[in-house]
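Summary of structural features
Each chain, written out:
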Amino acid sequence: MVGEPLEPVSTARRLPRWSEVREVVRFRRPRLGRTARRLEHALTIRDLRTAARRTTPRAVFDYVDGAAEEEITAARNVAAYRRVTFLPDALRSVADPDPGVELLGSRIAMPLVFAPTGYTRMMHHHGEAAVAAVAQHVGVPYALSTVGSTSIEDVRAAAPGADLWFQLFFTARPDVNEDLVSRAEAAGYSTILLTVDTVVSGMRLRDVVNGLTIPPTLTARTVLDMSRFPAWWFNELTTGGLAFASLTGVPGNPTPGEVASMMFDPGLDITALDWLRRRWRGKLLVKGVTTPASAGEVVEHGADGVVVSNHGGRQLDRSAATLDVLPAIRAAVGPEATVLVDGGVLHGQDVVAARALGADAVMIGRAYLYGLMAGGRDGVLRAYDILAAEYQRSMQLLGVRRSEELSARHVAVPPHGAGGCPHVPS
Ligand SMILES: Cc1cc2nc3c(=O)[nH]c(=O)nc-3n(C[C@H](O)[C@H](O)[C@H](O)COP(=O)(O)O)c2cc1C
């Protein structure tokens, strides 16, 4: 009856049975390797970043993590993705999802490309070869930097079946440009990325403070810091010196210092693209475009498309977050041109947002470098697996079975202004 006091609860008890405990407690097999344990505990790219900070000398970590001037653009890149709201379709079957996409004539595992990063063997001695091997293993392209620490030919040897792209810094030396392009051609690279946002070097203050230059000339403080990471030090010292591997044999045998300054050509203009379009029969993308006008111009000059990129905020600070300018750039170049976007992609949901807002694919730089620093090749694979799982799960929760179905109606983006780009004339 209502209001009557309840009887005290009486619970019958017995001794616990081992067979029942075993069913509910999941005992993990102990893992021996420290690296494997570290990677297993990293559930997100941000966890990999934390692990990388612990395993890598400060100057090296900062070289990857840092950006230009006040690092405003680097922060904007990340913030732009976090302003996106998803709008899922209800009651759509998402069984048997397919995250793959067509990119420049090939089917790839998901809309993601490993971006070119110079001097990758400094981050971890596995370097570029490891990233290329992972790219081949999972089925997405890898772009090798002109200033990579593994040569065009050695990366191909490490990943004979990979879709390899070559990132070109167009120099003022025609013989050097010709040498690089013909070697990429001979080694079966499918695509050239012409980087155009490096006419002069960006000012990365963390590197100045740490005394880190490329090629490295280290201060006593940096050396002291590096000595706190004996494993990193030992691996670097026992796996061959760091060099701009694709440039050591170029005509005239320039010194590393000469090579570094050759990479920044203040005289670079549209005639470089015209030359390259005539010379290179493969696919050609221009990397480092952030306005619809520039994107339209390079496509008119024969590029197959663009990488909407501000170099991860490492060159011109206060330039726009790349996600903010993506829709206007897609509109300017039309549906046929290839549009990639990079900068600030740290989560599979960022890839969803980029796809929905008009990108064919994203490129990731720091996301895989954190993995590389935290655990070499297996860390790069871990970074990819994290992003791939986040991407597919989010796609399904949005009611989308195939990457191609993602569209602008799946996302809401607040008007520009809240830290983003105020107005982009098209
Ligand atoms: C350590 C480092 C080195 C880089 N080196 C190059 C390079 O040699 N050539 C190039 O075109 N871009 C280079 N980039 C830029 C990347 O290709 C890419 O545009 C950028 O990392 C994307 O931003 P995210 O790091 O936030 O993903 C580098 C980026 C980093 C972090």
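Our subject is the structure that appears above.
For the protein chain, the count of helices and strands is 18 helices and 12 strands. Radius of gyration (C-alpha) of the protein chain: 24 Å, near the 22 Å computed for a compact globule of 426 residues. Based on the C-alpha atoms only, the size of the protein chain along its principal axes is roughly 95 × 50 × 40 Å. Expressed as a percentage of the 426 residues in the protein chain, the buried residues total 48%. Pairs at least 24 residues apart make up 74% of the contacts formed inside the protein chain by residues separated by at least 6 positions.

To continue, consider the environment of Val223. By the element assignment, Val223 lies in helix 11 (residues 220–226). For Val223 and Arg206, which are 17 residues apart along the polypeptide, the C-alpha to C-alpha distance reads 16 Å.

Taken together, 26 residues sit near the ligand, with Gly118, Ser145, Gly312, Gly365 and Arg366 positioned nearest. Of all the secondary-structure elements, those providing two or more residues to the shell around the ligand are helix 4 (58–65), strand 11 (361–364) and helix 18 (366–397). The element that contributes the greatest number of residues to the shell around the ligand is helix 18, accounting for three residues. Its residues placed into classes, the shell around the ligand shows 10 nonpolar, 12 polar and four charged.

What follows is about the packing of helix 15 (residues 292–300) against helix 16 (residues 322–333). Where helix 15 contacts helix 16, the axes come no closer than 8 Å and their chain directions differ by 35°. Crossing geometry of helix 15 relative to helix 16 is assigned as right-handed. Facing helix 15, whose interface residues are Pro292, Ala295, Gly296 and Val299, helix 16 presents Ala328, Ile329, Ala331, Ala332 and Val333.

Attention shifts here to the pairing of strand 11. In strand 11, alternate side chains face the same way, and those of Ala361 and Met363 on one face and Val362 and Ile364 on the other are all buried. Pairing of strand 4 (residues 112–114) with strand 11, which is carried by three bridges, proceeds in the parallel orientation. From the neighbouring strand, Phe114 faces strand 11, where its bridge partner is Ile364. For the crossover from strand 10 (residues 338–342) across helix 17 (residues 348–356) to strand 11, the handedness is right-handed.

Along helix 14 (residues 270–279), the residues that are buried comprise Ala272, Leu273 and Leu276. An end-on view of helix 14 places all buried positions within 95° of arc, on one side of the element. For helix 14, exposure combined with an orientation more than 90 degrees from the buried face picks out Thr271, Asp274 and Arg278. Contacts from the buried residues of helix 14 go to strand 7 (191–195), strand 8 (283–289) and helix 15.

Basis of the calculations
- Residues numbered from 1 in each chain as written.
- Predicted model: local features only at pLDDT ≥ 70, side-chain atom pairs only at ≥ 80, totals over all residues.
- Helix = DSSP H or I, 4+ residues; strand = E, 2+ residues; numbered from the N terminus.
- Rg over C-alpha atoms; globule rule 2.2 N^0.38 Å.
- Buried ≥ 20, exposed ≤ 12 C-beta atoms within 10 Å, placed from the backbone.
- Contact = placed C-beta atoms within 7 Å.
- Near = placed C-beta within 6 Å.
- Nonpolar A, V, L, I, M, F, W, Y, C, P; charged D, E, K, R; others polar.
- Axes fitted to C-alpha atoms, helices over the stretch in contact; angles between N-to-C directions.
- Left-handed = near helix turned anticlockwise from the far one by under 90°.
- Pairing = 2+ DSSP bridges.
- Right-handed = clockwise from strand over helix to strand, strands pointing away.
- Arc of directions from axis to C-beta.

Spatial relationships are all this shows, so hold off on functional conclusions.
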